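Next come the chains, spelled out residue by residue.
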Amino acid sequence: MTEPYLSRIGALIRDARRHKDLTQAELATLLGTSQSAVARIEQGKQNLSLEMLARIGESLDSEIVSVGSAVPQNLRITGGVKLSGEIDVRTSKNAAVALLCASLLNKGRTTLRNLARIEEVNRITEVLTSIGYKIRWLPDSSDLEIVPPAKIDLDAMDQAAARRTRTIIMFLGPLMHEFDAFELPYAGGCDLGTRTVEPHMIALRQFGIDVTATTGTYHVTVDQHRRPTKPIVLTERGDTVTENVLLAAARHPGTTVIRNASSNYMVQDLCVFLKALGVRIEGLGTTTLEVTGVQHIDMDIEYSPSEDPIEAMSLLAAGVVTGSEILVKRVPIEFMEIELAVLDTMGLQYEISEEYVSANGHTRLVDLRTIPGALKAPLDKIHPLPFPGLNIDNLPFFAIIAACAEGSTMIHDWVYENRAIYLTELTTLGAKVHLMDPHRVMIEGPTKWRAGEIMCPPALRPGVVILLAMLAAPGVSVLRNVYVIHRGYEDLATRLNNLGADIQTFRDI
């Protein structure tokens, strides 16, 4: 490999490692090498074999290199073209993974209708299959059938698949009802006590769960006599921690009160599913949930998760940044109202239909038509809050919308370390993005977009933001290594092409 190519690969590995919250020493342990070797790799000073690249990619859950793969690695975008037509919002990725974990509670057959066929779903199904579940996609559909085994075989768990998803932590709530002691693998860097894990542990201890962590493994014991005696107050209003407690409470025959619960879209979908299984839940859509569980659940159930508000925001942004009139159908309006209120202040014009109900019988949907027009920067900064505030995963899309607006807009991502940095990649495409600190960027618009070549960030939403900006940029742009986009979006390039975009997939050998 040439030195410039090694430097590019090294930078990609460094970014992917940071996105996984791994230190160089932790990555070295996973690879069976030294920290100094990892440092040389990231500096572009170490020759790499295909075997080592494959091992690094598996450890970082990032497709560093693809040889002969059926999965497209790069996208070639001819931008500056108006879009037109209509497009449906597909079902929620985050609801899908929660429902897959919830299927562990049921001794009967679970059929999830119209499920997103994305990489994150594939990982969970690989884990479930390895421990004895019979899982199949029903013919000519996106419906997934899940049949549990007579006995779950945790010893047979696909360790590699489990380590490739952080969702594995949501197995804690269901498995506590099956085992007095068990082990779960987890991805390095997700150590006990970090922000993303400790709120789970604080809440689940009240159900008798005690967890110790060694390198790469959770060791779990369950005291079946210890159950909540008072309301569980979550120390963080997180989506996954709320879901984990719901899964623990679902088969606890007593009543559990959860305070400071998330009421976000995937949590509501999980609640509707659990209610269909016979679990009684009061307070759906609020921050206080009262759950009366069912000790034994054995029923055949069919369920359709609701549509994804993050994908809805992505498609709305595609219309705005390209100055196009498109009809985005099946938008879950309850989870887009704050976003649209902010866009109202920026002068965005749009039309929405009358409301109708999603296939889950609960979520309110509308069809939304974007109308091209001039935008202005908002007077205040744009920042996320727990639902019903602006969704953290929708925040990056405001960066490209702000780049189209007259004036200066501050984007404040107070949740994630360094994710704002990825938005500075938009400067390659002509945007004026000033990094103020790891959490804040100032964007000056309007932008005269230009084509460019960019390595896709190892973060899902910023990767899609760059793709959408390339749609607006006249000329031919290249977005390299787009595996991360496939984790959260199904056939995005093809669906945008159906609106008139010109996106071609290709891979390097």
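Just so it is clear, the model here is predicted, and its values are computed rather than measured.

Asks: Can you lay out the environment of Glu 119 for me, pointing to particular residues and giving the numbers?
Replies: When you line up the elements, Glu 119 lands in helix H6 (residues 119–130). Among the residues examined, Glu 119 registers a relative accessible area of 23% and is labelled partly exposed. Along the sequence, Glu 119 and Asn 391 sit 272 residues apart, while their C-alpha atoms lie 22 Å from each other. The residues touching Glu 119, leaving out its near neighbours within four places in the chain, are Tyr 483, His 486 and Arg 487.

Asks: Residue-level account of the nonpolar core, with values.
Replies: A general feature of soluble globular proteins is that nonpolar side chains tend to end up buried together. With 151 residues, the main nonpolar core has Leu 479 and Leu 496 as its most contacted residues. Counting 14 residues, the second-largest nonpolar core is a separate cluster that includes Ile 9, Leu 31, Val 38 and Leu 53.

Asks: Could you give an account of the sheet that holds strand S5 (residues 144–147), with specific residues and numbers?
Replies: If you walk across this open sheet you meet the 4 strands as S4-S5-S3-S13, and the pairing is mixed. Whereas interior strands pair on both sides, the edge strands pair on one side only; in this sheet they are strand S4 (134–137) and strand S13 (301–303). Sheet twist, expressed as the average angle between the axes of neighbouring strands with direction ignored, equals 15 degrees. For S4 and S5, the ladder comprises 4 bridges, and the chain directions are antiparallel. Across the sheet, Lys 134 pairs through a bridge with Val 147, a residue of S5. Sitting on the sheet, helix H11 (residues 265–276) touches strand S3 (110–112) and S13, and the angle it makes with S13 is about 155 degrees.

Asks: Lay out the confidence of the model for the protein in plain terms, naming residues and giving numbers.
Replies: Overall, the predicted model of the protein reaches an average pLDDT of 89, with 94% of residues at or above 70. Predicted confidence for residues 66–72 stays below pLDDT 50, and this span has 13 contacts to residues more than four positions away or in other chains. In the predicted structure, residues 188–195 sits below a pLDDT of 50 and forms 23 contacts with residues beyond four places in sequence or in another chain.

Asks: Help me get a handle on helix H5 (residues 93–102), residues and values and all.
Replies: Most of H5 is tucked away, with 10 of its 10 residues classed as buried. At the N-terminal end of H5, a side-chain oxygen is found 3.2 Å from the backbone nitrogen of Asn 94, two or three residues along, and the residue is Ser 92.

Asks: Tell me about unusual backbone geometry, and please be specific about residues and values.
Replies: Peptide bonds are, in most cases, trans, and in most cases residues other than glycine have a negative phi. Omega for the peptide link from Phe 387 to Pro 388 comes to 15 degrees, which places this bond in the cis form. Summarising the element assignment, Pro 388 is placed in the loop between strand S17 (364–371) and helix H14 (395–403). Note the cis peptide between Gly 445 and Pro 446, where omega equals 0 degrees. By the element assignment, Pro 446 lies in the loop between strand S20 (440–445) and strand S21 (453–455). Phi angles above zero are rare outside glycine, and Asn 260 is one such case at about 60 degrees. Mapped onto the fold, Asn 260 is located in the loop between strand S10 (255–259) and H11.

Asks: Give me the lowdown on the sheet that holds S10, citing residues and values where you can.
Replies: A sheet is described by the order of its strands in space; here 4 strands give the open sequence S9-S10-S12-S11, paired in mixed fashion. Strands at the two margins of the open sheet, each flanked by one partner only, are strand S9 (232–233) and strand S11 (280–282). The pairing of S9 with S10 spans 2 bridges and is classified as parallel. The partner of Ile 232 across the bridge, within S10, is Ile 258.

Asks: Please set out helix H4 (residues 50–60) residue by residue, giving values where relevant.
Replies: Listing the buried residues of H4 in full gives Met 52, Leu 53, Ile 56, Gly 57, Ser 59 and Leu 60. End-on view of H4: buried residues confined to an arc of 165 degrees, all on one side of the axis. Relative to its buried face, H4 has exposed residues pointing more than 90 degrees away, namely Leu 50 and Glu 51.

Thresholds, definitions, all that
Residues numbered from 1 in each chain as written. Predicted model: local features only at pLDDT ≥ 70, side-chain atom pairs only at ≥ 80, totals over all residues. Heavy atoms only, no water. Helix = DSSP H or I, 4+ residues; strand = E, 2+ residues; numbered from the N terminus. Buried < 20%, exposed > 50% of the residue type's maximum accessible area, 1.4 Å probe, protein only. Contact = heavy atoms within 4.5 Å. Core = buried A, V, L, I, M, F, W, Y, C linked by side-chain atoms within 4.5 Å. Pairing = 2+ DSSP bridges. Axes fitted to C-alpha atoms, helices over the stretch in contact; angles between N-to-C directions. pLDDT = per-residue confidence, 0-100. Polar contact = N/O pair within 3.5 Å; in protein donor to acceptor, adjacent residues only side chain to side chain. Arc of directions from axis to C-beta.

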